[in-house]
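Coordinate inspection notes
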Amino acid sequence: METERGLRTRMLPGLTVLTGRGLAGWMVIVGLAIVLSIVVMTLISPWISPYDPSALNVGPLRSPPNGEFPMGTNHMGQDMLSRVLCGGSIMIHVAVLSVLFCLTIGVPIGLLSSYVGGSLDKMCSLIMDSIYAFPGMVLAITISAMLGRGVVNMALSIAVVYIPSYFRIVRSHVLTIKELPYTVAARSIGAKGDTILFRYILPNVVPSIVSVATVNFADAILTAAGLTFVGLGVTKDIPDWGWDLTDGRTLLPSGAWWVITFPGIMIVLLALGFTLIGEGLSELLNPRLEQ
Amino acid sequence: MGLRSYIATRALLTIPMIMLLLSFVFLIVRVLPGDPVLLHFEKAASPETIELMRQRLGLDKPLLDQYFEYLVGLTQGDLGKSMQDFSPVGQQIFSGFPATLELTIYAMIIAVGLGIFLGVRSSQSYNSLQDHSIRIFGIVMYAIPIFFLGMIFQMIFGVFLRWLPTGGRIYPGMEPHGLKIGDLHISTGLYTIDSLLEGNVFKFVQALRYLFLPSLTLGLVLCGVFIRLTRSNMLETLRLDFVTAARARGLKEKTVLYGYAFRNAFLPVLTMMGLQFAVLLGGAILTESTFSWPGLGRYLVDRINFRDYTAIQGDVVFFGILVAMVSLVVDVLYAYLDPRIRL
């Protein structure tokens, strides 16, 4: 009876998996809603934007929000609403790519290094720790300045900063799991190294990787915005919230608040969405902390 | 292990880390696609000019020779020459460093102070509305691009209310000189301290006014980490017997929270201060650019705009060594406060 009830409370159907778990579950739901809405908005933006986001002088210069231009216009007479609707694509691309880079580089190195151990592990750890200790923004700026503009280059320079986070979380998990009785048992019945690594260890590391990756999306978005702000953005030709925010800075003294406020809020929302999902997930996936 | 041998081991471990970092920066500037000299001129220079630039900066020598010269130079405090005017990068960095230091110190005070205060409040009212609001506040702060928050503050307090200056470090010409008695001249480069040494309260207030918005921006963005850490550590500590015992003795809740529980929850916060220093420096770059704060971060961004790769390298190396030193100091402090670490 006891186990049956335990099972029933744990295996909640549908959305109640999340709604029945307190604040953490709600954080995931709200985060998902925010992120999905922004992604959908960006996807359908070409059809719903009232004006061409790159077209100059579609309205008066620096017009405050009004009926015709609900988010005002900037100093080139571009419609801010259209720019806000379309401006997410570069940032989303960069974030997705950089997380992919991190996953494909950081996770395998972490798995291998900790499973093999010895001097390989020591060397990898030293390199990763050195990168980890370094100010991420400085590193991303340096690499980005050398690689030049472009979505892939930006994603790469961001990935270098965050690969150590994946390495560390994978490594610490593998070191623990490696010594657990079920892994030892598998080894004793003759399971090979790669079987143990991929069938016994990896599945138990996945939850932590997922929560690191989600928070990492937020970091990637904020770093991408920062790179754009210091003048290393992808290109001025495609509408981008980061560029608009950077451009809008010159208009601040004139009190044109709408030029920075709306693109800025979009970046905050996108980063917030991912942070909420990540925070919520890490709490749901680590029941130990929940008590 | 005694404290002394712990310090020695820890310091020795810092050396390969710094060496790795130096090599990494060296390689980024030279080996990544994109020749620094060509990038600097954007292909708009004659081959002779380019060759001359390479020679003057020593970039025409074999890679290994360059590496060796770079390391030897660093041991003598030589951070290389600027591509712009061949001036020593080190000098620029040392003159900008106090501004960055002052900004980061005040930002850290705000981040840690606010983080601890909100974290303790949050843990005290676990799972209440207050707890949830404080946690959400921390998460929202984490998600705000630092320069966006800075611009909002500039707009509200600088442009609309006109209460505070929106940029710079102090009114030009008002820079405090520090203490001057005869030939003795004591100056820290930190304007808030120098103005006090000078005995000029007006300058002190001005320095604070200029410092307020940048350090508040940087501090707020960083405080989330400290809120979360303080909260989770306090939650664990508050469950322990000695806290219950303190309460049973009828001590005031404030005394129990700050005098008993927090003292035990503080050590991880201290470690986090060391770790966050790197994040703080990264944030300082963006904050300095937003507020035209004449520090190292702004220097870095300026150099990027001039495509001055040798200066970028010098600045980054300085950042790296600084972070390594701070983390060494924090680890030693931690070992001093918590003898278990030395085991």
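Conventions we followed
Residues numbered from 1 in each chain as written. Chains lettered and ligands numbered in written order. Predicted model: local features only at pLDDT ≥ 70, side-chain atom pairs only at ≥ 80, totals over all residues. Helix = DSSP H or I, 4+ residues; strand = E, 2+ residues; numbered from the N terminus. Buried ≥ 20, exposed ≤ 12 C-beta atoms within 10 Å, placed from the backbone. Contact = placed C-beta atoms within 7 Å. Nonpolar A, V, L, I, M, F, W, Y, C, P; charged D, E, K, R; others polar. Expected span 1.5 Å × (residues − 1). Bend = angle between axes of the 7 residues up to and from the residue. Axes fitted to C-alpha atoms, helices over the stretch in contact; angles between N-to-C directions. Left-handed = near helix turned anticlockwise from the far one by under 90°. pLDDT = per-residue confidence, 0-100.

Turning to the overall build of chain A, a few remarks are in order. Per the secondary structure count, chain A includes 13 helices and zero strands. Ordering the α and β elements of chain A from the N terminus gives α-α-α-α-α-α-α-α-α-α-α-α-α. Dimensions of chain A along its principal axes, counting C-alpha atoms only, are 75 × 50 × 30 Å. Counting across all 291 residues of chain A, residues that qualify as buried make up 46%. A separation of at least 24 residues holds for 70% of the contacts in chain A among residues at least 6 apart in sequence.

So, on to the overall build of chain B. On a plain count of helices and strands, chain B comes out with 13 helices and two strands. By the burial criterion, 40% of the 343 residues in chain B qualify as buried. Restricting the contact set of chain B to residue pairs at least 6 apart, pairs at least 24 apart contribute 71%.

Right, let's get into unusual backbone geometry. Although it is not a glycine, Arg62(A) sits at a positive phi angle of roughly 50°. As for its position among the elements, Arg62(A) is in the loop between helix 3 (23–48) and helix 4 (80–86). The partly exposed category is assigned to Arg62(A), around which 17 C-beta atoms lie within 10 Å. Within the chain, Arg162(B) stands out as a residue other than glycine whose phi angle is a positive 55°.

In this section: the interface of chain A and chain B. On the side of chain B, 41 residues touch chain A, which itself brings 41 residues to the contact. Elements that contribute at least two residues to the side of chain A that touches chain B include exactly helix 6 (118–133), helix 7 (136–147), helix 10 (193–232) and helix 12 (257–285) of chain A. Broken down by element, the residue count for the side of chain A that touches chain B peaks at 10 residues, all from helix 12 of chain A. Split by residue class, the side of chain A that touches chain B holds 29 nonpolar, nine polar and three charged.

For helix 10 of chain A, built from 40 residues, the straight-helix expectation of 58 Å at 1.5 Å per residue is missed by more than 12%, its first-to-last C-alpha distance being only 44 Å. Largest kink in helix 10 of chain A: about 50°, centred on Leu202(A), with the proline Pro203(A) one to four residues after it.

Looking at where Ser232(B) falls in the secondary structure, it is placed in helix 9 (residues 201–238). With 33 residues separating them in the primary sequence, Ser232(B) and Ala265(B) have C-alpha atoms 8.9 Å apart.

This part takes up the packing of helix 5 (residues 89–124) of chain B against helix 6 (residues 129–143) of chain B. Residue and element names in this part refer to chain B. As a packed pair, helix 5 and helix 6 sit with axes 8 Å apart at the nearest point and diverge in direction by 145°. For the pair helix 5 and helix 6, the sense of crossing is left-handed. Residue-level contacts link Leu118, Arg121 and Ser122 of helix 5 to Gln130, Asp131, Ile134 and Arg135 of helix 6.

End to end, helix 5 (residues 89–116) of chain A covers 40 Å across 28 residues, agreeing with the expected 40 Å (1.5 Å per residue, within 8%). Of the residues trailing helix 5 of chain A, Gly117(A) is marked for its positive phi of about 70°.

So, about the confidence of the model for chain A. With 92% of its residues at a pLDDT of 70 or more, chain A shows a mean pLDDT of 86. Across residues 1–9 of chain A, confidence stays below pLDDT 50; counting only partners more than four residues off in sequence or on other chains, it has zero contacts.

Residue and element names in this part refer to chain B. Mean pLDDT over chain B works out to 85, with 97% of the residues at or above the 70 mark. When mean pLDDT is taken per element in chain B, helix 7 (residues 146–160) scores highest with 93 and helix 2 (residues 36–41) scores lowest with 74. For this predicted complex, the interface score ipTM comes out at 0.87, alongside a pTM of 0.88.

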